[in-house]
Every structure is written in C-alpha cells, then in structure tokens.
Amino acid sequence: MNGLRILLSLFVLTFRLLAEDNVPSVFVQNYTVGDYKASCQNWGLSVSEEGILYVANNSGLLTFDGNSWRIHELPEQKVISRIFTKNGRTFTAGSGIQCEWKRNEYGQLQFESSGESFEDSSIQALPFSFKEGQITATAQIDQFYFVGTSRKGLYVLNSEGSTLLHLTADNLLQDNQIHDLLVQQDKRLWIAMDNGLALLTLNPPIRLFGERSFTGKPEQAFLEGNKLYLKSNSGYFKRTLSPNDAFLRLSDSEAQMLFPPVQERKKIQLKDLLDDMEGLGSFAGTNRIYPISEYSCWLVQKNEAGLFHIENRKPHLKCRILFDNYNLNLVNRGKSFIPLNDTLHLVSTMQGVVVLNSRRILKEGLQTFAPPHLTGVEFTDKKRQRQSLSPEELEISLPHDFMELTLYAGTSVFTLNQQISYLIEGISPEWSAWQKNGRINLLQLPPGKYNIHIRTYAIRGPFPEITVMLTIRSPWYETWWAGFLYLVIIALLAWLATFRYIKIQRKKTLERLEAERRKEQQRLQKLKNELLETELQNKNDELTRQTSAHVRKNNLMQSLIDELDQQKKNLGDHYPDRMYRKLRSSIAKSLDDQEDWNAFETYFNSAHRDFTDRLRLTYPDITPGDIRVCCLLRMNLSTKEIASLLNVSVRAVELRRYRLRKRLNLDGETNLTDFLMNF
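These notes cover the structure that comes with them.

Each value, and the rule that gives it
Residues numbered from 1 in each chain as written. Predicted model: local features only at pLDDT ≥ 70, side-chain atom pairs only at ≥ 80, totals over all residues. Heavy atoms only, no water. Pairing = 2+ DSSP bridges. Helix = DSSP H or I, 4+ residues; strand = E, 2+ residues; numbered from the N terminus. Axes fitted to C-alpha atoms, helices over the stretch in contact; angles between N-to-C directions. Buried < 20%, exposed > 50% of the residue type's maximum accessible area, 1.4 Å probe, protein only. Polar contact = N/O pair within 3.5 Å; in protein donor to acceptor, adjacent residues only side chain to side chain. Contact = heavy atoms within 4.5 Å. 1 Å grid on protein atoms, 1.4 Å probe; cavity = no way out; pocket = protein on both sides within 12 Å on 5 of 7 lines; lining within 4 Å. Points joined across faces, edges and corners; volume = space filled by probe spheres on them. Nonpolar A, V, L, I, M, F, W, Y, C, P; charged D, E, K, R; others polar.

**A closer look at the sheet that holds strand S10 (residues 109-113)**
Taken together, the 4 strands give an open sheet; going across it, the order is S7-S8-S9-S10, and neighbouring strands pair in antiparallel fashion. Two strands lie at the open edges of the sheet, namely strand S7 (82-86) and S10, each paired on one side alone. Mean inter-strand twist for the sheet, computed between neighbouring axes without regard to direction, equals 30°. Where strand S9 (residues 97-103) and S10 come together, 5 bridges link them in antiparallel fashion.

Dropping the structure here:
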C-alpha cells in the first residue's frame, strides 16, 4: 500500500512442536497516523460482515477495506468515542451526537442522527482475577485471553490467568494505552490505542527468527528436534524454537563439528526436474530453484515463491507466497530457501531469518479466499471536478473528455493476502505489479469499450477476479447519429454544390448567350450603322449632287441673265422690252424657285437629322434665312457657292455671316463653319 508503513517492531515466534509449550507466537502489524491519515487516538473497533474495519477516531469514523484507509468526518470535526454494530448496522457516539452510518448510492458513508442505545461490550468478565493494571478491554482467542490496560499495554494470559506474553511500547506495540480490542476471524486481533492501531495475528505461518543485522545472510541450516542451527556469512548460530529464545553464536569447535566443509553442488536447472513447463505460470524461466525432495521444490521469482509438487516430471502448484503481504523482501543473491523438513523451511529475507510453515500456509489458503470488490468509483470531469459513481455497478460509462478515473478496489481485513493487480484489455498486455493500496488510476482513454480485470492474491488456486466493463462514450461528433447527420450534411452540400454548379453553368450559358446576343446586336448595329452611314453618305452625296446641280443651275441662270442683259444693252430698242422683261423674269424666278429649296431641305434633313429643329430649339429667335445659311455652312460650302444658291452677292453673304455669329453668340476665336458642323 502506497504510504503504508507497517512497523514490524518484533516477531515473537514459536512452532509449538512440543505439547507442553503453550506460549503462543504472534505477528503484530502496527499502523501509524502516516498510514491512515487521521488522529492518533482510536477509541473503538467494529468489523462488518463484508470485512470492512470501522474505527472510532478523534477525527471521525475511520474505515479500512483491506487496502484503503478513509476518514469520514462529523460536522465541526466532532470526536467519535464509541462504536458498535447491530444486525449489520453501524452506530457511533461521541461529543453529544449519536449516529447511524449508511452507504448512499455511490458507496459513500453518510450519517444520520440515531437514538439507538449503546452497551459497552469491550470489557467482558474474565475467569480469573487480574491485578496488573486497570482493564480497558478484553478478548479471547482459543484458550488465550487478551487484556488491554490503561497504562501497561496488552497482556496475553492462559485460562489460569498466568501471563504468557506482555506486549508494550518497548517491544511490539506503539503505545501502552489500550482503548479497545476486537477479535476477527478467530485468529486475529485488532488493537485500538491512544497512539495508532495494530493487528495481531496468532500463530502466523511465517515468522521472523532473527534480525539480519545480527544473523547475516543464511548459507546452511538444519533442525535437530527443537533446535535450529544456522551458518551465515556472519558466523554460526543456534537457538530453540521457543518464542522467548534468541540466536546464540556457536563456538568454533562446535561449529566445525556441526558444519563440516560441504562441496558446492551443481546448480539445478528447470530442465533437470521438469519436461513440461506449462504449469509453472509466472515462475517459468526462473533459475532460483530449491528442492525439498525428489517430488517437491520451491521456485522463486522476484519477491514471490511457489511450492510445486512434481509428478511424472510435470509441475503442480501447491501454494504460492507473495512476501509483500508480510512486508518481507527475499534476498536477490544467495540462497532464498533452505528446507528444514517437509513442513518447515528457513527463508532468507532482507529483514532477517524467517521460518515458514508450509502446512499452515496450505491451510490458510483454504480459508482465506477473498475476491476483490469495488469500494468507490470517482472520476474528474473536464471542469476538473470530482464526480462519484456507484461502486456496485460493474459497468461504468464516462464521457470522452474525462480527465481521470479512480477505482478503489478492496479485498478484506479477514486475510493477509491484500495485494491486488489489474489488467486493461487493449491497453496493457500484462498484469500490473501487485500493490496494497487498492487504488487504480486511469488517465484519459480513447473512446471505446474496455474490460478492466482486477484480481487479488491467493495462496492457492486461481486468483479471485472481477471484471469492470468501462465504456468511454464517443463525443457527439463521433456518434452514429452524428455520422448520419454528416451524411445528411454531405448530401445537402452535394446537392447545394450541384445546384450551385448548375446555377453557375446556367448563368455562364446565359452570359454566353447574352454575350453572343450583344455581339450579334453589335454586329447588327454595326451593320445598321454601316447601312446608316452608307445611307447618310448616299444622302450626303445626293445632297452634294443636288446642291452642286443647284449651284450649276443658278450659275447658268445667272449667266443667262447676264447674257440677256448684255444683249438688251447691245440691241437696245431693237430688243423689245416686253420680251426682255418676260424672259428675264422667268430666268430670275428659276433662281428663286421655292420647290428647289424645299427639295434641298428634304435632302438636308435626311442627311443631317434634327439639325434645324435643334437650332430653332436652342436659338428661338433665329430666322428662316439664317437657318438656310447655317445649313449651307454646315455643308462646308464657300461664300461664293452660298451667294449663288441664295442668289445674293458675296458681300451680302458675308454680312449674313456676321449677323449670324452675333445671333449665335459666338466669340471672335470660334470658327462659324466648324461650330455649325459640330452642332
């Protein structure tokens, strides 16, 4: 257990091989404040049917499930001084408050006020008188009586009241003030003290005989009756199996007689003993082999030993021992096991010389089958808040964004085999190392389903195991309905993309058709413009021809008039006046023929549309004569040609031009002809 410091102050050992030896051996595990993280003062003890220890502590109700210690506080940190269990129900009292403790749906202990009456059962009548000190608690295991005192520690007495053992702060215990005693499973005794807790095991199968600092590392050992002889790297020793005895050094002469030189034996390999390695399990491949006989041997792997029976060169596991359960560490170099007889075996540990009784180990293996169970389930969510789940459910479902999952696996205080190991299918290929604290921490895992196998150590047979099914839920965007939504969105996007593509293609087609239409319109317009230009040019040409013809006609008529005037002048009265005037009037009338001017205006308006209308609109006071001059100037005719067309003199035309400039409000720098041609 992480943080657990089980103080092995002293082992008092015996194997009671002689019938008259009635002194028991005990194995004491001390638990300190550093182990259980609560007050040092413990007042009362109780054990539930499930194998959970309840302790009345100054800090509240202290519990131990075989692996994990927990403290459950009362309001205002009130002290619990008494505790008892009745019909499977747990009650406490102290500091003026009486409570009943129940577990909620998350397996957490909660209290509620109770008026249940208490009976102090920690002191029971003894069949003898006791005068060694003030009695605070009594208990009985087999024929032995245990008496706790207020100042002198714990006494172990026989039925006659004789003191067999005296446990104090000077040898086994942490404190001399005993508050309560509790017998558990007939062979174990819990001790509540003013300073800490202790667990006493009566006649344990594994016992420490001598400290390593004195005996050193064993090399040879043998047993003669009740006497144990030992050779180590520190010398030669002997002692009896009596509990009050200790190792003594042998004299040189006695050592040489008992331990003559022994030729080093060839190291045994597994292949020398076995043909089939399948039944070795975790011990396969070890080279630490210690034969007991032709048919049995010890195999050691790390801090674990297995006793195997060999039949037809096939191994059969009889029992196994994880020395972590006893806070012992096997030596890595040198002999780990030295068989003393078929039952007793000397074991070399870092703590010292240990004697192991395999018969009792096998018996314990039949009686202490303790499957693991969940005592708590907690996880940290994405907001880093701790959440609790029911430990009774072996199916756990968590969101994908959880930060940490903690499983509390308990075994039982009914057995010393409290180590657990776990394996997560798909995550860890091998089982974890054996551990005492029962706490399994899992950090973020990818979504999926996981089987968490949790097993507890067993001396023989298969390891008791439970399986927790863990489901890490996928984020919403990875669920099946999210996948369906993705398909819908993809289909919608595909449809929108297709629709947009079709729309774009349609737009492009329309734009192309529109461009072609505009191009065709431009072509037609260009053709139309060309036709109009051609038509206009034709009209201009026609206007020019008509104007030229008109000028030629007027010139001709003027020439005829001049010739007629000359003939009249030459002939005088010989040319009759009536004929002269009539002819001259006819010629002059042709010079001022209005139909010619109407035809000219028709051609001019066809070639120069709206010119005259714009002149009239822009200059409302312009005269018809001015408009004629403007039309002739727009045709870029010379003054002489204009004079001929108007049948006036050049001087008259120039005068009209002058008046026209003023009417059109032109400055002196503006050319009248250019202005009219661009109007």
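**Some thoughts on the side chain of Asn42**
Position of Asn42 relative to the elements: it lies in strand S3 (residues 42-47). By relative accessible area, Asn42 is classed as buried at 0%. A distance of 2.7 Å separates polar atoms of two side chains, one belonging to Asn42 and the other to Asn57. With residues up to four places along the chain from it excluded, the contact list for Asn42 reads Tyr36, Val55, Ala56, Asn57, Leu62, His179, Ala192, Met193, Gly196 and Leu197.

**Some words on empty space enclosed by the protein**
The tally for this structure, following the rule as stated, stands at 2 cavities of 30 Å³ or more. Approximately 90 Å³ is the volume attributed to the largest cavity. As for the largest cavity, its lining consists of Ile52, Thr63, Phe64, Asp65, Ser68, Arg70, His72, Arg103, Gly107 and Thr375. Broken down by secondary-structure element, the contributors of at least two residues to the lining of the largest cavity are strand S5 (60-64) and strand S6 (69-72). Partitioned by chemical class, the residues of the lining of the largest cavity number 2 nonpolar, 5 polar and 3 charged.

**So, the sheet that holds strand S27 (residues 337-339)**
Judged by pairing direction, the sheet is antiparallel, and its 4 strands sit side by side in the order S18-S29-S28-S27 without closing on themselves. Two strands in the sheet have a free side with no partner beyond their single neighbour: strand S18 (206-211) and S27. Mean inter-strand twist for the sheet, computed between neighbouring axes without regard to direction, equals 25°. Two strands pair when backbone bridges link them, and strand S28 (residues 344-348) and strand S29 (residues 352-357) are joined in this way by 5 bridges, in the antiparallel orientation. The residue of S29 that forms the bridge with Leu344 is Asn357.

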